[in-house]
Amino acid sequence: MFRKTIVALAAWLASGVGLPAWSATVLETSEVLAANAAAAAQLPPTYEFTLTAAGNYVVTLKDLGVMPGLPVDPTNLNVPVLQSLQVLVTRDLQAVAELEIDYPTEPNIAQLPETQVFAGTPGTYRVHVLGAASDAGVGLFSVDVAPSGGGAPLFQVADEIAIQSGPAPEQTVLQTSFTVTQAGAYRVRALDRSFPAPLVERNVLVLQTSPTVGVVVSNQGAFSTADVGTFNATAGATYDLIVIASSSGADAAGLYGVSVQGGPSDAVIYRSENAVGSLPRARTLSIASAGAHTLTLADLEFPEALTSFSAAVIQNETFVGSTTGTTAANLTLSAGPAQLFVYAVTPTVGAASVTLGQGAQVEYADVHIADASPEASTPAIYSFSPSEAVAAGNYMLTLADLRFPTQLTDLRAAVVQGATVVHQLDEAGSEPVTLQTGRMRVLVAATPPPVSGTTPGNGLFALTLTTQPGNATVIESTQGVGGLFTARVVTLPAAGRYDVTLKDFAFPERLRTSWLAVTRGTTLVGQVIGSSAIQNLQLEAGLHVLNFLGQPAADANYGTFGMKVADSVAPPVVTLAASPTSVTSGQTTTLTWSATGATSCSAAGGWSGSKALTGPETSVALTANTTFEIECVGPGGRDDASVTVTVNAAALRRGGGGAMDPLLLVSLLALLSLATARRRSILR
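Residues numbered from 1 in each chain as written. Predicted model: local features only at pLDDT ≥ 70, side-chain atom pairs only at ≥ 80, totals over all residues. Heavy atoms only, no water.

A. A look at the overall build of the protein. Helix and strand content of the protein: 2 helices and 50 strands. For the protein, the residues scored as buried account for 43% of the 684 residues in total. In the protein, the share of contacts with a sequence separation of at least 24, taken over all contacts with a separation of at least 6, comes to 74%. Surface summary for the protein: the accessible area is close to 32400 Å², and the carbon and sulfur share equals 51%. (Helix = DSSP H or I, 4+ residues; strand = E, 2+ residues; numbered from the N terminus. Buried < 20%, exposed > 50% of the residue type's maximum accessible area, 1.4 Å probe, protein only. Contact = heavy atoms within 4.5 Å. Areas by Shrake-Rupley, 256 points an atom, 1.4 Å probe, with all protein chains shown as cover.)

Next up, the structure:
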C-alpha cells in the first residue's frame, strides 16, 4: 500500500469472495493498514475464531516476555519485551473487545496481562494484534479467548512481532533447502553470469539441519569459477543453502547460478538461476526441438522509448547467450526447458518485446514491462491478459478514469499480440480492436495525480475488453494507482438492492483518509467517504470490486477499517388517506394510514406528534385547505406520504332572512287575495 502494488482483478479470476444467494451478507471483513514497509514487516497476520454459542467470554492479552507479577526492566535488551501491544476483536463491523498493555516507563514495576469480558453471539470473529518490537528486535505475545466462567480456551494463539531487516536494494537473498539421498562428497558452485553487469561479491552458507550439525560450508568473497566449498554429506540429511549476492552500478542488477553436485554418481542435487537487485525473475521457456534459434528484442516505445534493453538465455546451467538492443542473437538450444531473463532501463516506465524462434516457428513471443521506481508517487505500468488465447475477431477496448478520488495525470493503453502493438489508446475512452487468434496483453501506463491538501495522490482506472458483437467479457479489471489502495472482489449472486458499509475502527487511531469506491466494469456505481454506508444501492449480479483508499493518521503506523456488503432491508412503505377529502368549513375528516417495515412514525402539517404504525384518527375542525403529512422510519430507511383535504365555505343567507314558515306563507297569500278583491270592487 505504501509502494506500487498491482491489485488488478480480472473477470477470469472471479473466484472472489462471493457467497451463496441465500446469504444475507455477501462480504464482511476488517483489516489493518500499515503506513510504511517497516510497520508492515512487524504486523502479525489476522487471526479468526468462531463461537457456536452465545454467552460471556474473556479475552486475555499477554506479552510472553513478561512473567506475570514480576518486575519489568525495559532497558534490559536480553529480555524480549515489546514496546507496545494491543489487540482488537471484531465481528460484523463491531469492535467487541479492545485491549492494550500499559508498559511501565520505569524498571522494577510489575506488569500483568490485560483481560476484557464481552458478550458473544454465534459467528466468526477477527483478531488484529498491533505492537512494536523493542531494540532487542523481537517480542512474543499471546491472545486467548475462553468462557468467562472458566473452561478451556476456545481460541489461543502465540506469535512474534519482530523488526525485519531485509537486504539492501542491490542485494538478493536465496534461502532454500535440499536433501541428500546418497552419502559422499559434494561441492558447491556459484557462477556470476555477468548479466546485465558483473556482480560484486557473494556470501554462501550451507547448514546441516536434520540431523542438526551446523555450518558445513561458509565462504564470502568475489565470484569465481572455482568451487565455493565442499562437504561430506550423510544419506538422508537435510541442508539449508543461503546465498547473499550483491550487485553494483547505477542499475544494481545482476544474475548468478548456484549448484550442489557430487556423491557416487556426481549428480546435481540442486541448481537455480537467481536474479539480483532490479533484474526481474526469469520466465521459463519450453524449447520444442534442438538447434539454432534466433533471439530478437524490440522497444515498444510505450508510453515512451526505453533507455536500453537486453536479454539472456540459460539452459542446463549454461549461459547460452545474450543480446542487447535490436541486434538479433543466434543461440544453439537443446530441447527442453530454458530460462529467459530480460532487463530494461527506462527513465519512467516502458516495455520491450522478446521473440525466440527457430526458422519460421515462433517458440516464444511476449512483452516485458519496466518500471524505473517502486515509489507510489511515480508513473506506473500494468499488464493485463486473459488466461486463454483469444479468437480472431472484433473487440471493444474501454479504458476509464474513474476519477476516484481525483483524475489521473496521464492514462494510456496499448494492445499487444505477440511482439506487436496492434492498437493504442492515448487517453480514456472506447475504441474497436481487431485481434488474431492467440495470446494477447493490454498494457496500461498511468501517472498518479499530485497530492493536494488532504487529498492523497491516488487515482483509479478500469479496463474492459469485450467481444463484438456479443459483448462477452474477455478482460474486466479495476486498478488503483498510487499505492494506497486495497481491493476486494465481490461476486453478487443476484441483482438487487444492497447496503455497502465502510467502518473506521479508530484502532489504534482514526484514519486520516477513508474512502471506498464500488466499481463494476468501467463504471463507478457508488462511493462511501468515512465511516458511513450506502443503503439500497441497486447493483447487478456478477463481479464487483470494492476499492478502499486509506491512510493511517499522520503520527500512527497503523489504522484499521472494515467493509461489508449485505442485502438491503426493504425500506418502509407508508400510505395515508383522508375520508372525506372535501368538507365544509368547521367539519372534520378521518385520516387512515399504515406503515410496513417501519419502527416509528411522526406527523406534520395539519397534525403533529408521534403516531402509531397504523390507525385512524379524526382531525380537528378544518377551516382552510389542509395537507396532512406522515413520515415513518425503519431499518431499511424512511418513507413518507401526504394527503390534502379541501375545505368549502358554508352557504350564505341572503337579505338577513332565512327560510319562510309555510303557514305564514299561506296566510300572506290569503291577505293578498282579499286586498286585491276589495280594490276591484271599489273600481267598479
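B. Examining the sheet that holds strand 29 (residues 393-401) more closely. The sheet built from 4 strands is open, its strands ordered 32-29-34-35 with antiparallel pairing. Whereas interior strands pair on both sides, the edge strands pair on one side only; in this sheet they are strand 32 (429-435) and strand 35 (473-481). Here the average twist between neighbouring strands, direction ignored, is 15 degrees. As defined by bridge partners, strand 34 (residues 459-468) adjoins strand 35 across 8 bridges and the pair is classed as antiparallel. By the bridge assignment for strand 35, alanine 462 is matched with threonine 478. (Pairing = 2+ DSSP bridges. Axes fitted to C-alpha atoms, helices over the stretch in contact; angles between N-to-C directions.)

C. Main features of the packing of aromatic side chains. Applying the stated criterion across every chain yields a total of 15 aromatic pairs. A centroid spacing of 5.1 Å and a plane angle of 50 degrees characterise the contact between phenylalanine 231 and tyrosine 239, whose relative ring orientation is tilted. Here the two residues phenylalanine 231 and tyrosine 239 agree in accessibility, since each one is buried. Following the ring pairs from residue to residue traces out a cluster consisting of Phe49, Tyr57, Phe118, Tyr125 and Phe155. Over the ring of tyrosine 125 we find arginine 91, and its NZ or CZ is 5.6 Å from the ring centre. (Phe/Tyr/Trp six-rings, centres within 6.5 Å; stacked < 30°, edge-to-face > 60°. Lys NZ or Arg CZ within 6 Å of the ring centre and 35° of its normal.)

D. Quick look at the pattern of salt bridges. One pass over the full model with this rule turns up 13 salt bridges. Between aspartate 366 and arginine 441 there is a salt bridge whose closest N-O contact spans 2.7 Å. Of this pair, aspartate 366 sits in strand 27 (residues 361-371) while arginine 441 sits in strand 33 (residues 440-447), and the two are 75 residues apart along the sequence. Of the two residues, aspartate 366 and arginine 441, neither departs from the other in class, the shared state being buried. Linking aspartate 410 and arginine 412 is a salt bridge whose minimum nitrogen-to-oxygen distance equals 2.9 Å. Through salt bridges that share partners, Arg283, Asp366 and Arg441 make up one connected network. (Salt bridge = Lys/Arg side-chain N within 4 Å of Asp/Glu carboxyl O.)

E. Expanded view of unusual backbone geometry. Put simply, phenylalanine 302 and proline 303 share a cis peptide bond, and its omega is -10 degrees. With respect to the helices, strands and loops of the structure, proline 303 is situated in the loop between strand 21 (291-299) and strand 22 (308-315). For the bond running from phenylalanine 404 to proline 405, omega is -5 degrees, close enough to zero to count as cis. Turning to its location among the elements, proline 405 is positioned in the loop between strand 29 and strand 30 (410-417). Phi at glutamate 317 is positive, roughly 65 degrees, even though this residue is not glycine. With respect to the secondary-structure elements, glutamate 317 resides in the loop between strand 22 and strand 23 (318-324).

F. Molecular detail of the state of the cysteines. For the structure shown, the criterion picks out 1 disulfide. The side chain of cysteine 601 participates in a disulfide bridge whose partner is cysteine 632; the two sulfur atoms lie 2.0 Å from each other. Judged by the sign of its S-S torsion, about 110 degrees, the cystine formed by cysteine 601 and cysteine 632 is right-handed. Of this pair, cysteine 601 sits in strand 46 (residues 600-605) while cysteine 632 sits in strand 49 (residues 626-634), and the two are 31 residues apart along the sequence. (Disulfide = S-S within 2.5 Å.)

G. Highlighting the sheet that holds strand 37 (residues 496-504). In space, the 4 strands of this open sheet follow the order 1-42-37-40, with antiparallel pairing throughout. This sheet does not close on itself; its edge strands, each paired only once, are strand 1 (25-34) and strand 40 (532-539). Sheet twist, expressed as the mean angle between neighbouring strand axes with direction ignored, is 15 degrees. Bridging between strand 1 and strand 42 (residues 558-567) involves 9 bridges; their strand directions are antiparallel. Looking across to strand 42, one finds that glutamate 28 is bridged to lysine 564.

H. Focus on the pairing of strand 45 (residues 590-596). Across the two faces of strand 45 the burial differs, with Leu591, Trp593 and Ala595 buried and Thr590, Thr592, Ser594 and Thr596 not buried at all. Two elements, strand 43 (residues 573-579) and strand 45, share 7 bridges in a ladder whose sense is antiparallel. Among the inter-strand pairings, serine 579 is bridged to a residue of strand 45, identified as threonine 590. In this sheet, strand 48 (residues 614-618) lies alongside strand 45 in antiparallel orientation, the contact comprising 5 bridges. Residue threonine 590 lies in a different strand from strand 48, and its bridge partner there is threonine 618.

I. Structural context of the environment of glycine 123. Counting through the fold element by element, glycine 123 comes out in strand 9 (residues 123-132). Residue glycine 123 is classed as buried on the basis of its relative accessible area of 16%. For the pair formed by glycine 123 and alanine 54, sequence separation is 69 residues and the distance between their alpha carbons is 9.3 Å. Excluding residues that lie within four positions of it along the chain, glycine 123 makes contacts with Phe49, Thr50, Leu51 and Arg91.

J. Local environment of the side chain of histidine 128. Relative to the helices and strands, histidine 128 is located in strand 9. Reaching out from histidine 128, the side chain makes a polar contact with the side chain of threonine 46 at a distance of 3.3 Å. Apart from residues no more than four positions distant in its own chain, histidine 128 is found in contact with Ser30, Glu31, Val32, Thr46, Gln86, Val87, Leu88, Thr90, Phe507 and Thr560. (Polar contact = N/O pair within 3.5 Å; in protein donor to acceptor, adjacent residues only side chain to side chain.)

K. Spotlight on the environment of phenylalanine 319. With respect to the helices and strands, phenylalanine 319 occurs in strand 23. For the pair phenylalanine 319 and arginine 193, spaced 126 residues apart in the sequence, the C-alpha separation amounts to 6.9 Å. Other than its neighbours up to four places away in sequence, phenylalanine 319 contacts Arg193, Phe195, Ala312, Val313 and Ile314.

L. Spatial organisation of the side chain of lysine 564. Along the chain, lysine 564 falls in strand 42. For lysine 564, the side chain forms a polar contact with the side chain of aspartate 92, separated by 2.5 Å. Setting aside anything within four residues of it in sequence, one finds lysine 564 in contact with Thr25, Leu27, Glu28, Asp92, Leu93, Asp499, Val500 and Thr501.

M. Region of interest: the nonpolar core. Judged by nonpolar contacts, the single largest core of 26 residues is most densely connected at Phe49, Leu85, Phe118, Val127, Val129 and Val143. Where this core is concerned, the elements lending two or more residues are strand 2 (47-51), strand 3 (55-63), strand 5 (84-91), strand 6 (94-100), strand 9, strand 10 (138-147) and strand 11 (155-162). For valine 127, the contacting residues outside a window of four places in its chain are Pro45, Thr46, Tyr47, Phe49, Val87, Leu88, Val89, Val143 and Phe155. (Core = buried A, V, L, I, M, F, W, Y, C linked by side-chain atoms within 4.5 Å.)

N. Focus on the environment of tyrosine 270. Examined against the element boundaries, tyrosine 270 turns out to sit in strand 19 (residues 267-277). Owing to a relative accessible area of 15%, tyrosine 270 belongs among the buried residues under this scheme. C-alpha of tyrosine 270 to C-alpha of phenylalanine 178: the two residues are 92 residues apart in sequence and 6.9 Å apart in space. Every residue in contact with tyrosine 270, bar those within four places of it in the chain, is listed here: Leu174, Thr176, Phe178, Leu241, Val258, Ser259 and Val260. Looking at tyrosine 270, its side chain comes within polar contact range of the side chain of serine 272, at 2.9 Å.

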